[in-house]
Each structure stands twice: as structure tokens, then as C-alpha cells.
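Listed below are the residues making up each chain.
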Number of protein chains: 2
Amino acid sequence: MTTIIGVDAMSGDHGPSVTVPASLSALAKHPTLQLALVGDSEQLNHELKNASSALRQRLRIEHAAQVVEMHEKPSVALRAKRESSMRKAIDLVKEGQVHACISAGNTGALMAMARFVLKTLPGIDRPAICATMPGLGRPTHVLDLGANVDSSSAELFRFAVMGAVLAEAVDHRENPTVALLNIGEEEIKGNDCVKQTAVLLEQSSLNYVGFVEGNDIFRGVVDVIVCDGFVGNVALKASEGVARMLADIAREEFKRSLLSRLGALFAMPALRALRKRADPRSYNGASLLGLRGIVIKSHGSADRMSFAHAIDVAIIEVENRVPDRINNRLEELLAHLDSP
Amino acid sequence: MTTIIGVDAMSGDHGPSVTVPASLSALAKHPTLQLALVGDSEQLNHELKNASSALRQRLRIEHAAQVVEMHEKPSVALRAKRESSMRKAIDLVKEGQVHACISAGNTGALMAMARFVLKTLPGIDRPAICATMPGLGRPTHVLDLGANVDSSSAELFRFAVMGAVLAEAVDHRENPTVALLNIGEEEIKGNDCVKQTAVLLEQSSLNYVGFVEGNDIFRGVVDVIVCDGFVGNVALKASEGVARMLADIAREEFKRSLLSRLGALFAMPALRALRKRADPRSYNGASLLGLRGIVIKSHGSADRMSFAHAIDVAIIEVENRVPDRINNRLEELLAHLDSP
């Protein structure tokens, strides 16, 4: 089967200078892939001028006159940017012209447009953002990472269902393990909402394994970790912050003296390997789950390799029919939840 | 003035084998410091057998027959462990025999006992846990880190006051900057409670500078960051988790081949400097703020250097009369808050 992905080619900090080369890489990697690049046709043609004709054949351009800005208010973008590359990429999904779309643009606008155009699945009010975390063990899918705040236990339960389906569909895990993010202070042991969600999960057919703490996010010990979007977003950004701080300090220390510069030279292969394994670029591509369609969010600062990885994520979700599977599983589990 | 600190010498993963040498280090560093080591007198005397008599003079032992276990329920510890080293260390603060106490034990039990014995300051229902974060810039005090969940905006406002007083008293910052931890997704921009707290802070005389995100915790751009304890705890633990993951990967990569081992050898001075600067041991010692007394919580896994650092934190808070200053500031700001 041919997979066709719509690319919001104007999106991200670098726009077509990243999205176009990344798209060509993806086409080279996946021989049956087709792409629809959405954006300013003149700019896109310019970026494509040196592309091999073999790859060029599997790529078409959809002109879009507008661009959603990174800090534009989602409500404004929704109203005023109907001709934007982001909106048109989502429209292509709705019209069945592509199987999925991907954007490195404004997350709030992407969420708002995707929800407006594609609608959510029955039982879902708002999509959740789910990303895969690096770790020493298996990949861990964490959701929600910022699309929902003040989530109820019913919402957290739905995140668990969607995360479990994603782990099954994408990692081919049978009966994936699901955990709730909590805190371990003995006097408190979590907030009320988390405790209520634990009860719902225990009663469900999901493979719920209990509470985990913040440090478990990167241990690769569980397939799915569920949390409120506020908590998930702060945890994700704090983790990025600490990694950046360590990298900055390392850079300073390796530059401190001639001897340390020499040390850096000798340590380079190991440092490069470390960088590669811990590189957030290798994990780029968050899923907006709960929509009637596949929408992938790339990090705004994504480079070519990183954006290409997000296209890979879109392809895998298409091949494994993630929204259908979520829909089926939600129907089954929510029926059970509502029955006495 | 002589400062006297009570040490829960049985606490932490390593008990007296860490707390006693750390106490001796602290005595050597601070020539007028006195310590009261609370715990099993036989064990403590054994650990002290090689101590210099000059240091030994400034240290007394208070026998305690019980120990609070790391995973004991706080309510159980509160009821059944009145003869524990933790409880007796707190009792010494209450009785005015020491100026502050420090424990590396069960956080929940420490909180419960401290609150029961010392009581909270007027206007404070529960103490908050505040720690200093490493960063490239100034030290940032973050609270709450897990003592309170589902905090109201009134509680978050109190955290802000206490954090600001700590930054003033301990870092000698004039008019320290205070920020609220939030998420940046445009469609949402935080939960209701954070938004309400922002209004309270804007109307106060605190130097409120607005929202920061998770990655700003380690940037050292602000003196105080305020958040709900659930969020703070997850952020802290996630950060520890990512740092540990990076260290584990680095260790693996440097051991991979003879060449990479050689690289590690050459890079050692820089790696050691990195480790030292990013070492959580240099930041050990969280404050339980809002009590009528000074209680410092050390990390359970603290080693000698790390536990000694937590003693330093206690000394600084004593010298700067942190609870008195918090009390004064709360009185002033809460009066303003309640007035029309």
C-alpha cells in the first residue's frame, strides 16, 4: 500500500530549508512513500531545484498562501489562517487525499485546527499529545504533554487507553504496561484525581501496573505513562532544561584549558555516541491522539534528521491504523466503564 | 553567636556511617558550631572513636532508642516512634536546645512530626519543601517539591512569599524575582489556579516577573519559582532521571572500547569538573518552610560531603533567622491581601 503524508512545509523555525530536505530523505528511505508538500509553491520549488527526478516524482506541491506564526493565538489562527500551510495540510487529511499530516508549527494552533477540521473520536473531548521518551530500556510513551490541563480521572483514563493502543500498534507490544505518574511522598501519595484514576485502571482490562515517579520516565520500565498535561509538559521541559544545562557545562569544561581541549578530542567518539543516543532529534514526532485522523507534531527547532524522523512516526501510525484501533478500544473499554 | 544543630544521626540510607563523619566535617569547617547527634548512643560512640578530641568537645550525643524506617507510614511513625532519633531531633528544636535540626530520613514522617511538634506559622496550613536548583546563573529556589498537592492559589501565593524571604535571607538578594511555573501551549496557557495566583502576585509587593516554563528551572534566570507540590516533585524527579540516564549512557560509551577508555582518561579532568558542578550533592539540603522552627531535609542517599552541605544550609538559615523573617513578611503581605 502506498502511504501519502501531507507536510506543512512552511512550519518550524527553519521552514522549507529543513522540511524539504527532510522530505527528500524520507522519500529516499521509503520507496513507496508519497508526499504532499504544502506551502508557498515558489519557495518549495526553489528548495527542490536540485532534487533527483526519481524522488521528485513521488512528491507534489500544494500551494498555500498563508503561514501560521509560531506565537499566533490559536483562536486567531483558526479564524484568519484558513489558507495557511498548516490548515491545508490538515484539510488534506480530512479530504482523504493524504493518510496523515505533519507540522513543526505552533502546537496550540495545530491542536485547534486539527480538532476543528478532523473532529475527535467518540468519547474524546480534546486530543492528547503523546511522545516517546528516550531511555535505557524500552521506549516509553508519555501523555498528555500539554494539550489538557486540570484533567479529570475520566480523561486520564482515556489517555491510558490511547497510550496503550499506541504501544500495541507501534511497538507491537502485547498487553502493554500502563502506569500513572505520581509522587512518592508518603504523607500524601498523590492527588485525588490520580488516586481516582488508579481505581478506574485497576477495574479495566488494561495492563495497569501502578504508580511511577518522575525519574521512571527515562528508565524504560513501562510502556505507557499517563499524566495531566500540565505535569507532563513541565516534566518534559524540565528534562530538556537539565540536559541542556549539562551539555553547556560540559562544553565550558572541555574548553577550559589546552589539556581539556585535548581531552575532548580523545573523548570525541564516546561523546558523539552519547549525543546520538540521548539526542532528542531521534525521538522527534509527537502524536495528537484522539482525533479522527493522524496528525504528528514535530519540534519547532527540528533539523533535517529530526523532521525526517517525525515523518517516520507518521508512516508507522498510518500503517498501523492508529485512530481506528483507538476508536475500537475506546468503544470497548468505555462501554465497560459505564456498565454497572 | 554559637549555632547548635540537632542531627538525626540514624537517618538516611547509610545512617551513622555517613551522618557522623559529615558532622565532624561540619565541626571542622565551622569553628563555633556545636552539634547534638541524636541516635543510638552505642553506635554513635563507635563511629566517633577516632574523632579528634577538639571536635568531639563541640558535639554531644542524645540517645534515641527508635529509628523511623524509610517506608514507614507517616501517621504510624507519628504515633509509634516518639522515641525515634527523628522525633527527638525535632523535639530539641521545640525545647530550644538546638537552633535547627536536619534529617535524611522519611520525608513524609519528617513533615508530619515537624508540623505536629513545631506547628506552622500563622497563615500557613502545611509546610512547603524548598530546594535550590543548580543552574548556569544564580541559584533558583523552587517550591513546593512535594509536600502539598492540589494547592490553591492562596497556598501558591504563600509559597511565593516564603521563597522570596529565603532568597533575601540566604542569598542576600534585594527584592528577589519570583516566577510562576506554567506551560506555554498557546491554546491553554496554564491551569486556572496558576492564572489566579498570577493575579494575586501582580497585586502584591513581591517582585513578580511572570510565568516560566520547566526548562527555566535550570537556567538560573529567576530567584524563586513557585509551583504545586505534585508538579514540582515530578519535575525534580524527572530531572534527576534524565541526568542519571545521561550519566549511565556516558559510562557505557566510555567503556565501549580501548580507544574510548583512553578517551575517558584524557577527558577525566573535564568530566570530573562537570560532575562536580552538576553534582546534586552540592545542592543537598531542602528546607521545610512555614514551620515555627528550622528543619532541613537531606537526600536519603546523601554521602558525607552531601550531608555536610545540608548542615551548612541549616547554619545559614539559623544565622539569617529564616522563620522569623517569613513570619514578618507573611503578616505584612497577608494583611494587604485581605484588605479591600
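Residues numbered from 1 in each chain as written. Chains lettered and ligands numbered in written order. Predicted model: local features only at pLDDT ≥ 70, side-chain atom pairs only at ≥ 80, totals over all residues. Heavy atoms only, no water.

A short note on the pattern of salt bridges
Residue and element names in this part refer to chain A.
Thinking step 1. The tally for this structure, following the rule as stated, stands at 28 salt bridges over all chains.
Thinking step 2. A salt bridge links Asp324 to Arg321; the shortest N-O distance between them is 3.7 Å.
Thinking step 3. For Asp324, a relative accessible area of 44% puts it in the partly exposed group.
Thinking step 4. The exposure class assigned to Arg321 is partly exposed, which follows from its relative accessible area of 46%.
Thinking step 5. Each member of the salt-bridge network shares a partner with another, and the members are Arg138, Arg173 and Asp223. (Salt bridge = Lys/Arg side-chain N within 4 Å of Asp/Glu carboxyl O. Buried < 20%, exposed > 50% of the residue type's maximum accessible area, 1.4 Å probe, protein only.)

Re the pairing of strand S5 (residues 128-133) of chain A
Residues and elements named next belong to chain A.
Thinking step 1. A large share of S5 lies buried, amounting to five of its six residues.
Thinking step 2. Here S5 runs beside strand S10 (residues 286-289); their pairing, made up of three bridges, is antiparallel. In the sheet register, Ile129 faces S10, and the bridge partner there is Leu288.
Thinking step 3. Relative to strand S6 (residues 140-143), S5 runs antiparallel, the two sharing four bridges. Looking at S6, one finds that Ala131 is bridged to Val142.
Thinking step 4. A loop of six residues connects S5 with S6, the two strands running antiparallel in sequence. (Helix = DSSP H or I, 4+ residues; strand = E, 2+ residues; numbered from the N terminus. Pairing = 2+ DSSP bridges.)

With respect to the packing of helix H9 (residues 229-254) of chain A against helix H9 (residues 229-254) of chain B
Thinking step 1. Direction vectors running N to C along H9(A) and H9(B) enclose 40°, while the axes themselves pass 8 Å from each other. Judged by the angle between their axes, H9(A) and H9(B) are oblique. Remark: the crossing between H9(A) and H9(B) carries right-handed chirality. Contacts from A:Phe230, A:Val231, A:Val234, A:Ala235, A:Ala238, A:Ser239, A:Val242, A:Ala243 and A:Leu246 in H9(A) reach B:Phe230, B:Val231, B:Val234, B:Ala235, B:Ala238, B:Ser239, B:Val242, B:Ala243 and B:Leu246 in H9(B).
Thinking step 2. Considering only residue class, the contact of H9(A) with H9(B) consists of 16 nonpolar, two polar and no charged. (Axes fitted to C-alpha atoms, helices over the stretch in contact; angles between N-to-C directions. Parallel < 35°, antiparallel > 145°, perpendicular 65-115°, else oblique. Left-handed = near helix turned anticlockwise from the far one by under 90°. Contact = heavy atoms within 4.5 Å. Nonpolar A, V, L, I, M, F, W, Y, C, P; charged D, E, K, R; others polar.)

Focus: helix H8 (residues 192-203) of chain A
Residues and elements named next belong to chain A.
Thinking step 1. In a regular helix each residue adds 1.5 Å, so twelve residues correspond to 16 Å; H8 covers 17 Å between its end C-alpha atoms and thus fits that length.
Thinking step 2. Every buried residue of H8 is listed here: Cys193, Val194, Thr197, Ala198, Leu200 and Leu201. Down the axis of H8, the buried side of the element spans an arc of 165°, and every buried residue falls inside it. The exposed residues of H8 that point more than 90 degrees off its buried face are Glu202 and Gln203. (Expected span 1.5 Å × (residues − 1). Arc of directions from axis to C-beta.)

Some thoughts on the relation of the copies chain B and chain A
Thinking step 1. Expressed as a screw transformation, the operator carrying chain B onto chain A has a rotation angle of 180° and an axial translation of 0.0 Å, and the superposed copies differ by an RMSD of 0.1 Å. Classification of the inter-copy transformation places it as that of a two-fold axis.
Thinking step 2. When the interface residues of chain B are mapped onto chain A, 99% of them again fall at the interface, so both copies present the same face. (Least-squares fit on C-alpha atoms with pLDDT ≥ 70 in both.)

Observations regarding the sheet that holds strand S8 (residues 207-212) of chain A
Residue and element names in this part refer to chain A.
Thinking step 1. Reading across from one edge, S3-S2-S1-S4-S11-S10-S5-S6-S9-S7-S8 is the order of the eleven strands in this open sheet, with mixed pairing throughout. In the strand order of this sheet, the two ends are held by strand S3 (59-63) and S8, each with one partner. Geometrically, the sheet is characterised by an average inter-axis angle of 25° between neighbouring strands, direction not taken into account.
Thinking step 2. Pairing of S10 with strand S11 (residues 294-297) involves two bridges; the strand directions are antiparallel. Note on S11: the bridge partner recorded for Ala286 is Lys297.
Thinking step 3. Contacts from helix H5 (residues 85-94) reach strand S1 (4-8), strand S2 (34-39), S3, strand S4 (100-103) and S11, with the element oriented near 145° to S2.

Looking at a nonpolar patch on the surface
Thinking step 1. A cluster of nonpolar residues, A:Leu259, A:Leu262, A:Leu265, A:Phe266, B:Leu259, B:Leu262, B:Leu265 and B:Phe266, forms a patch on the protein surface that exposes about 760 Å² of accessible area.
Thinking step 2. Of all the secondary structure elements, the ones that give two or more residues to the nonpolar patch are helix H10 (258-278) of chain A together with helix H10 (258-278) of chain B.
Thinking step 3. With respect to the helices and strands, A:Phe266 occurs in helix H10.
Thinking step 4. Judged by relative accessible area, A:Phe266 falls into the partly exposed class, the value being 32%. (Patch = residues over 30% accessible without salt bridge, like charges linked within 9 Å, V, L, I, M, F, W, Y side chains within 5 Å. Areas by Shrake-Rupley, 256 points an atom, 1.4 Å probe, with all protein chains shown as cover.)

Description of the side chain of B:Asp228
All names here are of chain B.
Thinking step 1. Take Asp228: it is sitting in the loop between strand S9 (224-226) and H9.
Thinking step 2. The charged side chain of Asp228 is buried without a salt bridge, its nearest counter-charge being Arg126 at 9.6 Å.
Thinking step 3. A distance of 3.0 Å separates a polar side-chain atom of Asp228 from the backbone nitrogen of Asp150.
Thinking step 4. Of the polar contacts made by the side chain of Asp228, one reaches the backbone nitrogen of Phe230; its length is 3.0 Å.
Thinking step 5. Setting aside chain neighbours within four positions, we find Asp228 in contact with Asp144, Asn148, Val149, Asp150, Ser151 and Leu156. (Lys, Arg positive; Asp, Glu negative; His and termini not counted. Polar contact = N/O pair within 3.5 Å; in protein donor to acceptor, adjacent residues only side chain to side chain.)

Regarding the interface of chain B and chain A
Thinking step 1. If you look at the interface, chain B gives 69 residues, while chain A gives 68 residues.
Thinking step 2. Of the roughly 5800 Å² buried between chain B and chain A, counting both surfaces, carbon and sulfur atoms make up 70%.
Thinking step 3. Counting across the chain B and chain A interface gives two salt bridges.
Thinking step 4. On the surface where chain B and chain A come into contact, there are four residue pairs in polar contact (both at pLDDT 80 or more).
Thinking step 5. Taken together, the elements giving at least two residues each to the side of chain B that touches chain A come down to helix H6 (107-118), helix H8 (192-203), H9 and H10 of chain B.
Thinking step 6. Broken down by element, the residue count for the side of chain B that touches chain A peaks at 21 residues, all from H9(B).
Thinking step 7. Its residues placed into classes, the side of chain B that touches chain A shows 33 nonpolar, 19 polar and 17 charged. (Buried area = accessible area lost by both parts, 1.4 Å probe.)

Observations regarding helix H7 (residues 153-171) of chain A
All names here are of chain A.
Thinking step 1. Over its 19 residues, H7 runs 26 Å from end to end, which matches the ideal 27 Å to within 8%, given 1.5 Å per residue.
Thinking step 2. The element H7 is extensively covered by neighbouring structure, given that 14 of its 19 residues are classed as buried.
Thinking step 3. Looking at the residues trailing H7, positive phi occurs at His172, about 55°.

Structural notes on the packing of helix H1 (residues 16-29) of chain A against helix H11 (residues 304-319) of chain A
Residues and elements named next belong to chain A.
Thinking step 1. One can describe the packing of H1 onto H11 by two numbers: an axis separation of 8 Å at closest approach and a directional angle of 55°. Viewed along their axes, H1 and H11 adopt a mutual orientation that is oblique. With respect to the hand of their crossing, H1 and H11 are arranged in right-handed fashion. Between H1 and H11, the contacting residues are Val18, Thr19, Pro21, Ala22, Ser23, Ser25, Ala26 and Lys29 on the first element and Arg304, Phe307, Ala308, Ile311 and Asp312 on the second.

With respect to the packing of aromatic side chains
Thinking step 1. Applying the stated criterion across every chain yields a total of zero aromatic pairs over all chains.
Thinking step 2. Across from the ring centre of A:Phe116, 5.0 Å away, lies the NZ or CZ of A:Lys119, which sits over that ring. (Phe/Tyr/Trp six-rings, centres within 6.5 Å; stacked < 30°, edge-to-face > 60°. Lys NZ or Arg CZ within 6 Å of the ring centre and 35° of its normal.)

Some remarks on unusual backbone geometry
Thinking step 1. Geometrically, the link from A:Leu143 to A:Asp144 is a cis peptide bond, its omega value of 5° lying close to zero.
Thinking step 2. Tracing the backbone shows A:Asp144 in the loop between S6 and H7.
Thinking step 3. Even without a glycine there, the phi angle at A:Asn175 is positive, about 50°.
Thinking step 4. Looking at the element boundaries, A:Asn175 is found in the loop between H7 and strand S7 (177-181).
Thinking step 5. Although it is not a glycine, B:Arg321 sits at a positive phi angle of roughly 45°.
Thinking step 6. For B:Arg321, the location among the structural elements is in the loop between helix H11 (304-319) and helix H12 (322-338).

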